[in-house]
Protein chains: 2
Amino acid sequence: MFESAELGHQVDKKDYEREVPKLREALLEAQMRVLEKAEFPLILLSGGVDGGGKGEVVNLLLEWMDPRHIQVHAMGEPTDEELSRPPMWRFWRALPPKGKTGVFFGSWYTAPIVDRVYGRIHGSELTRSLASISRFERMLVDEGALVVKFWMHLSKKAQKQRFKELEKSPGTAWRVSEQDWERHRRYDRFREVSEHALRETSTSEAPWNVVEAADRRYRNLTVGRLLLQMLQSRLTTRHKTQVRGAPPPPPPIDARDVIEELDLSRSLSDAQYDKRLPKAQGALNAHSRRKRFREKHACIVVFEGPDAAGKGGAIRRVTAALDARRYDVVPIAAPTEEERAQPYLWRFWRAAPRRGHFTLFDRSWYGRVLVERVEGFAAEADWMRAYREIVDFEDSLVSAGVVVVKFWLQIDKKEQLRRFREREKTGYKRFKITRDDWRNREKWMAYERAVCDMVDRTSTSPAPWHLIEANDKKWARVRIVQTIADSIEAALRR
Amino acid sequence: MFESAELGHQVDKKDYEREVPKLREALLEAQMRVLEKAEFPLILLSGGVDGGGKGEVVNLLLEWMDPRHIQVHAMGEPTDEELSRPPMWRFWRALPPKGKTGVFFGSWYTAPIVDRVYGRIHGSELTRSLASISRFERMLVDEGALVVKFWMHLSKKAQKQRFKELEKSPGTAWRVSEQDWERHRRYDRFREVSEHALRETSTSEAPWNVVEAADRRYRNLTVGRLLLQMLQSRLTTRHKTQVRGAPPPPPPIDARDVIEELDLSRSLSDAQYDKRLPKAQGALNAHSRRKRFREKHACIVVFEGPDAAGKGGAIRRVTAALDARRYDVVPIAAPTEEERAQPYLWRFWRAAPRRGHFTLFDRSWYGRVLVERVEGFAAEADWMRAYREIVDFEDSLVSAGVVVVKFWLQIDKKEQLRRFREREKTGYKRFKITRDDWRNREKWMAYERAVCDMVDRTSTSPAPWHLIEANDKKWARVRIVQTIADSIEAALRR
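Definitions and cut-offs
Residues numbered from 1 in each chain as written. Chains lettered and ligands numbered in written order. Predicted model: local features only at pLDDT ≥ 70, side-chain atom pairs only at ≥ 80, totals over all residues. Heavy atoms only, no water. Pairing = 2+ DSSP bridges. Helix = DSSP H or I, 4+ residues; strand = E, 2+ residues; numbered from the N terminus. Axes fitted to C-alpha atoms, helices over the stretch in contact; angles between N-to-C directions. Contact = heavy atoms within 4.5 Å. Buried < 20%, exposed > 50% of the residue type's maximum accessible area, 1.4 Å probe, protein only. Parallel < 35°, antiparallel > 145°, perpendicular 65-115°, else oblique. Left-handed = near helix turned anticlockwise from the far one by under 90°. Nonpolar A, V, L, I, M, F, W, Y, C, P; charged D, E, K, R; others polar. Buried area = accessible area lost by both parts, 1.4 Å probe. Salt bridge = Lys/Arg side-chain N within 4 Å of Asp/Glu carboxyl O. Polar contact = N/O pair within 3.5 Å; in protein donor to acceptor, adjacent residues only side chain to side chain. 1 Å grid on protein atoms, 1.4 Å probe; cavity = no way out; pocket = protein on both sides within 12 Å on 5 of 7 lines; lining within 4 Å. Points joined across faces, edges and corners; volume = space filled by probe spheres on them.

Draft legend 1. The sheet that holds strand E5 (residues 208-212) of chain B, seen in detail. Residue and element names in this part refer to chain B. An order of E2-E3-E1-E4-E5 is seen for the five strands of this open sheet, with the pairing classed as parallel. Only two strands of the sheet have a single neighbouring strand rather than two, namely strand E2 (70-74) and E5. Ignoring which end each strand starts from, the neighbouring axes of this sheet average 20° apart. Bridge analysis of strand E4 (residues 146-153) against E5 gives five bridges, and the strand direction is parallel. For tryptophan 151, the partnering residue across the bridge sits in E5 and is valine 210.

What follows is the structure in structure tokens.
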């Protein structure tokens, strides 16, 4: 894997000075076309051995291209804010929008490789991380991104030379730290683990490019030319995801499904409600204040359901039990322009709570497999792959300690009609009912199919769906508050 | 994930008897169209809980469809022959050719799930297996296969009922074993691990279909209808793989590459050769007879190189050191019709050596990224993804203890010409030189680029490329025999 990058590649000064202006011009032009089209972001990873010039290369690209459209992320140790969220949060936050370039040096590869070299994780854990990185990058590509990965390589000897050379001059000596030498002593192990990581994550959609970094001119020209080639190729090919798998399944033969099975007559009397709701709220409040919850966990609650199912009212009963400084309610409507320029899950990642906090989503990422599916806003290929991406997303949350609680509030058509009419009558509730709401009623069955498929494909033991009988608001509210309290308690016991 | 499969779905006898004839007719027709087109195989996995009727469903499909075109594989405990080869070998061997159907009950999922339930492997090892299963299935789909996966589900209660019901009648009591009851006691753990496996391997290209199996009529109709839908959808969509990643990289700026760097003047005198070859052969022979090699290892040697590079002669020097009962030489030419009806790697898997044995490939799976790339026999999307598939293939070999040694024999154009002329003169060697050989010479540079890309992408530490200076046959042969001996020795020391 590193053979070609240990040959002592070189470019002499004259050739370099002749080539660079042409390359710069072509790169700038390609960058402008990417920007004008605004159809895809460029995500560039600059990785490699210490002394290989991961950072120098980035500086060079900033010099060669228009730096106003490039965001550089030198991901070192995570900040406090980052540490208090799931590990992938900081990378999601930094993703460039369509048309722009995001350069990462120090990326999602750093932690797994370094942790493995220092024996902090097992080999099979490394493989697990690499598999989830591959899926993450595949998702980026499926969402349209151009992912370009460079690995700056130096042989052990070349690395030593580079460090010595830097140390000689007072202007550069500061760039070689004790840590660099310490890592140099572990060169062989670094090489082995990096090779493993590159091997497992060189996919056809996002392959690694290993670049010999001993000669700066060779390295710079090579990176520039490869990048140019990839930009040009992406600008001229039509990118389209394709369904290669099964179509959505037909409804069950006997027409029974998880929604039909719900007993919507379930209800509570006022007296029961007045007794049970405060009790459930008390439990939720107590759990949310526990030290272990504040230090190790967070909670995401998803509310989905047809119009007028009572999501808003339920959310208010939940927040009533929480400290106002520790929750956010995020209502999800059609994506904004900023959000449309990002991978689908971006806006949900952005709202991931920090430790000890709650995010309540009034509608959620499930829009893709519900409204976008039923209304045809997303292509079949896109919503079909979303199931898998959502399961991965929730897995990352759960493995970072986030308690994920998902509610589907079910009412029947008759009850919905009653509530619509009531809203029309009640002045201050009228704004809540629109022509869309009436139209959605006609698609009731299509939504029911979509809900059942969603439950089949995304109700997992780490993040199960809770189907709530919501014809009676009191019943629904108590069950919701109680389920959140129970889910947090279960996580705390684990 | 199992919610919809615990509802007590049922189909009554009258409905069943009305639906089945229509379904059978449609299934038969779809099967015939698959057979006539002969463009893709159907790979059907029937998995699920004990008592769910994995086998009954398969019998039913055999009854409903034309059984002559369906091969059924009840993969239980591996046979001796299978045990002596890498674990995936038996599944590769059983893959159906294009147009046909292969049904697996007991599949590549069985071992990881059972091993995890019984605590024989760690959670992260399970994840690693599942990731490699996902890649395997993606490869099958990329190669054109329709992969349909059914999971027959029973709740714990329904499983108990099923067993009791079977035990009641003397005609079926034998079908419930002590093992079934033992596993029933572990139901919850099985459910948990299976859910994890299904979650990690439900991809958009090969999703799982969970089917409630409590009512046989419902189960049968559901499986039949889902299968029909998938066949019909696959018959009407055009299947095409697509490049979504980077184009092949341009040659290095300074025109230096691993091939150019070889010192082809390297040679041995006759005296050196006569001394060193027998010594290397002796070492190889000794290692190949060691108990540890015979019991835990096998060896695959790949010979690639331009025409007249001396592959055949080198192979004979290797086999001279081996026990004739313990090696196979497999010459690779254009694939046969049988081989073209299978995934690309099928014919190489088929030749995987059993423990203690050697397979020497005179040309190999690298044909896809060499001749097929250069001559345009394979589409760019196909040979670009082959790098990744090859790395996975060799990883499965190496992790099963197979020592993989890969040689590229390099000669220069002048030496090749000299050998061609010599062959033309020597009667008994004339058959070895054809018009193709002369034509290939013209593509010398294109081949060199292909070789360098191949080394960059597939020379890994578990299975590195050895580039052999082969202008002098003596030098090449000694290096080859010695390298095989050294590689085996290194594996034995590990």
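Draft legend 2. Quick peek at the sheet that holds strand E7 (residues 327-331) of chain A. Residue and element names in this part refer to chain A. In spatial order, the strands read E7-E8-E6-E9-E10; together these five strands make up an open sheet with parallel pairing. The strands lining the two open edges of the sheet, one partner per strand, are E7 and strand E10 (465-469). Across the sheet, the axes of successive neighbouring strands diverge by a mean angle of 20°, strand direction being ignored. With five bridges joining them, strand E9 (residues 402-410) and E10 adopt parallel strand pairing. Paired with phenylalanine 407 across the strands is histidine 466, a residue of E10. Sheet strands touched by helix H21 (residues 473-493): strand E6 (298-304), strand E8 (358-362), E9 and E10. Its angle to E9, the strand with the most contacts, is close to 160°.

Draft legend 3. Region of interest: the environment of alanine 378 of chain A. All names here are of chain A. Note that alanine 378 resides in the loop between helix H16 (371-374) and helix H17 (380-399). Exposure remark for alanine 378: the relative accessible area of 11% places this residue in the buried category. Measuring from C-alpha to C-alpha, the distance between alanine 378 and leucine 42 comes to 23 Å, with 336 residues separating the pair along the chain.

Draft legend 4. Up close: the packing of helix H6 (residues 123-142) of chain A against H17 of chain A. All names here are of chain A. Contact pair H6 / H17: the axes reach a minimum separation of 11 Å and the direction vectors enclose 140°. The orientation of H6 with respect to H17, classified from their angle, is oblique. H6 and H17 meet at a crossing whose hand is left-handed. For the pair H6 and H17, contact is made by Arg135, Met139 and Asp142 and by Arg385, Arg388, Glu389 and Asp392, respectively. A per-class count over the contact of H6 with H17 returns one nonpolar, no polar and six charged.

Draft legend 5. Just the interface of chain B and chain A, in detail. Across the boundary between the two partners, chain B contributes 64 residues, which contact 64 residues of chain A. Roughly 5,800 Å² is buried in total at the junction of chain B and chain A, and carbon and sulfur atoms are behind 50% of that figure. Run the count over chain B and chain A and you get five salt bridges. Ionic pairing is found between arginine 138 of chain B and glutamate 205 of chain A, a salt bridge with its closest N-O pair at 2.9 Å. At the junction of chain B with chain A, the criterion picks out 27 residue pairs in polar contact (both at pLDDT 80 or more). At the level of secondary structure, the elements contributing two or more residues to the side of chain B that touches chain A comprise helix H6 (123-142), helix H9 (187-201), helix H10 (216-236), helix H17 (380-399) and helix H20 (444-458) of chain B.

Draft legend 6. Examining empty space enclosed by the protein more closely. For the coordinates displayed, the defined rule picks out twelve cavities of 30 Å³ or more. Its boundaries defined by the atoms lining it, the largest cavity holds a volume of some 570 Å³. Together, 37 residues line the largest cavity, and Asn209 and Val210 of chain A together with Pro249, Asp456 and Arg457 of chain B are the ones closest to its centre. For the lining of the largest cavity, the secondary structure elements donating two or more residues are helix H9 (187-201), strand E5 (208-212) and helix H10 (216-236) of chain A together with H17 and H20 of chain B. Among the residues forming the lining of the largest cavity, the class breakdown is 20 nonpolar, seven polar and ten charged. Estimated volume of the second largest cavity: approximately 460 Å³. If you trace the second largest cavity, you find 28 residues lining it, with Pro249 and Asp456 of chain A together with Ser4, Val210 and Leu226 of chain B closest to the centre. Of all the elements in the fold, those that place two or more residues in the lining of the second largest cavity are helix H20 (444-458) of chain A together with E5 and H10 of chain B. When the residues that make up the lining of the second largest cavity are grouped by side-chain class, the tally is 15 nonpolar, five polar and eight charged.

Draft legend 7. Structural context of the side chain of serine 107 of chain A. Tracing the backbone shows serine 107 of chain A in the loop between strand E3 (101-105) and helix H5 (110-117). With residues near it in sequence (within four places) discarded, serine 107 of chain A still touches Leu45 and Phe91 of chain A.

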